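Survey of secondary and tertiary structure
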Amino acid sequence: MRARGSVSNQVPFVVDTLPECLEKEPNHELPNAQKITLPMIVNGRIDPLGDTDIFSFTARAGSSVVAEVHARRLDSPLDAVLRLTDAQGRQLAFNDDHEDKGAGLNTHYADSLLTATVPADGTYYLHLNDAQRQAGPEYAYRLRISPPRPDFDLRLVPSAVNVAAGGTARLTVYALRKDGLSGEILLALKDAPKGYALKGDRVPARQDKVEVTLTVPPTPPAQPLSLQVEGRATVGGQQIVHPAVPAEDKMQAFAYRHLVAAKDLKVALLKRGGVRRRPRPWAPSP
């Protein structure tokens, strides 16, 4: 961030189109649960120690409810736990950690996400607390409670390729589906120069990964260039368009893999042929 000529660390934040409110204490017991009307985004914090924030809302039988926490992805230390109960205290849904492949190098998927279909008309309660029973003013969160909002993000791996002029390169597209989106996602190059083409132009329905082929022209440009790929999906008669964010597939702790976003997709075209030179040793002995 830059302000008045000074540079500070980057600060992540999230914006949305849903109504928002602040969490209000006391709301740690069912009788004083904070009443909200869906859809709503609640901005709050778990504080003091032992705190549980409870929110009540009404829903109709058969309706679906999604509750999602943004905290660790916004650099909060909160290790969120979500629990949905009915008016009699019966648990309908529970979630501790939810994996978000779009979270980059965030090595602990500590944010919670749950989806439930309520069985009857009535009042329901959403409970939020820290899994490690920690708390404090820094344990902030952003909680979305709403009907499902089907959507997607795309990641394109790798973020840089070298390909012979007139040749092809393989790329992998990952579809990060949200809130039940299951239909196909159409892929296309955006504003690409003449001679560039994408083969394998869709992520099939209910699939999260597809390999595509990038064909490049026979005459290489003087410098590497940046290409853009975008995806389109139709939800409820409305078209959703998102860019495919270039990324690198990185491994952490010999098991977990992360799609780490890059700035752009760089493509360098190499001239075919050329003079081959025999390698010469640097010294007469090893």
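An account of the accompanying structure is given in this report.

Quick word on the overall build of the protein chain
Along its length, the protein chain carries zero helices and 24 strands. Against the globule reference of 19 Å for 286 residues, the protein chain gives a C-alpha radius of gyration of 24 Å, more extended than a compact globule. With respect to the three principal axes, the spread of C-alpha positions in the protein chain is 80 × 50 × 45 Å. In the protein chain, which comprises 286 residues, the proportion classed as buried is 38%. A separation threshold of at least 6 residues defines the contact pool for the protein chain, and within that pool the share at least 24 residues apart is 67%. Of the roughly 17100 Å² of accessible surface on the protein chain, a fraction of 52% belongs to carbon and sulfur atoms. In the protein chain, 36 side chains carry a positive charge and 32 a negative one; their mean positions are 13 Å apart.

Re the side chain of N95
Mapped onto the fold, N95 is located in strand 9 (residues 91–95). Once residues within four sequence positions are removed from consideration, N95 is found in contact with V81, L82, D111, S112, L113 and L114.

Topic: the layout of surface pockets
Each pocket or cavity is described by its volume, and for the largest pocket that value is around 1200 Å³. Around the largest pocket, the lining is made up of 38 residues, and of these E68, R73, D100, D153 and K178 lie nearest the centre. If you list the elements that add at least two residues to the lining of the largest pocket, you get strand 7 (64–70), strand 10 (113–117), strand 12 (140–146), strand 13 (151–157) and strand 15 (168–178). With five residues, strand 15 is the largest single contributor of residues to the lining of the largest pocket. Across the lining of the largest pocket, the residue classes tally to twelve nonpolar, eight polar and 18 charged.

Considerations on the sheet that holds strand 10
On the basis of which strands lie adjacent, the open sheet formed by five strands has the order 3-5-12-7-10 and mixed pairing. Looking at strand neighbours, the two that pair on one side only are strand 3 (20–22) and strand 10, the edges of this open sheet. The sheet shows a mean angle of 20 degrees between the axes of neighbouring strands, direction not considered. Pairing analysis gives five bridges linking strand 7 to strand 10, with the strands arranged antiparallel. Directly across from E68, in strand 10, lies its bridge partner L113.

Here's the deal with unusual backbone geometry
Cis geometry is found at the peptide bond from E25 to P26, where omega equals -5 degrees. With respect to the secondary-structure elements, P26 resides in the loop between strand 3 and strand 4 (34–35). With an omega of -5 degrees, the peptide bond running from L38 to P39 counts as cis. Assignment of secondary structure puts P39 in the loop between strand 4 and strand 5 (40–45). Backbone geometry places D191, a non-glycine residue, at a positive phi of 55 degrees. A relative accessible area of 70% means that D191 is categorised as exposed.

Focus on the pattern of salt bridges
Under the defined criterion, the tally for this structure stands at 18 salt bridges. Residue R232 pairs with E230 through a salt bridge whose shortest N-O separation is 2.9 Å. Using a relative accessible area of 13% as the deciding quantity, one classes E230 as buried. Overlapping salt bridges, with partners in common, bring together E68, R73, D100, D111, R144 and D179 in one network.

Notes on the sheet that holds strand 24 (residues 265–270)
Taken in spatial order, the three strands line up as 14-24-20 in an open sheet, and their pairing is mixed. In this open sheet, the two edge strands, each paired with only one partner strand, are strand 14 (160–164) and strand 20 (225–227). Here the strands of the sheet are splayed against their neighbours by 35 degrees on average, with no regard to which way each runs.

Remarks on the pairing of strand 5
Bridge count for strand 3 against strand 5 is three bridges, and the pairing is parallel. By the bridge assignment, L22 is partnered in strand 5 with N43. Both strand 5 and strand 12 contribute to a ladder of six bridges, which runs antiparallel. Directly across from V42, in strand 12, lies its bridge partner L143.

Details of the environment of T215
Position of T215 among the secondary structure elements: in strand 19 (residues 209–215). With a relative accessible area of 28%, T215 lands in the partly exposed category. Residues T215 and A197 lie 18 residues apart in sequence; the distance between their C-alpha atoms is 5.1 Å. Those residues in contact with T215 that sit more than four places away from it in its chain are G167, T168, G195, Y196 and A197.

Conventions used here
Residues numbered from 1 in each chain as written. Predicted model: local features only at pLDDT ≥ 70, side-chain atom pairs only at ≥ 80, totals over all residues. Heavy atoms only, no water. Helix = DSSP H or I, 4+ residues; strand = E, 2+ residues; numbered from the N terminus. Rg over C-alpha atoms; globule rule 2.2 N^0.38 Å. Buried < 20%, exposed > 50% of the residue type's maximum accessible area, 1.4 Å probe, protein only. Contact = heavy atoms within 4.5 Å. Areas by Shrake-Rupley, 256 points an atom, 1.4 Å probe, with all protein chains shown as cover. Lys, Arg positive; Asp, Glu negative; His and termini not counted. Charge placed at Lys NZ, Arg CZ, Asp CG, Glu CD. 1 Å grid on protein atoms, 1.4 Å probe; cavity = no way out; pocket = protein on both sides within 12 Å on 5 of 7 lines; lining within 4 Å. Points joined across faces, edges and corners; volume = space filled by probe spheres on them. Nonpolar A, V, L, I, M, F, W, Y, C, P; charged D, E, K, R; others polar. Pairing = 2+ DSSP bridges. Axes fitted to C-alpha atoms, helices over the stretch in contact; angles between N-to-C directions. Salt bridge = Lys/Arg side-chain N within 4 Å of Asp/Glu carboxyl O.

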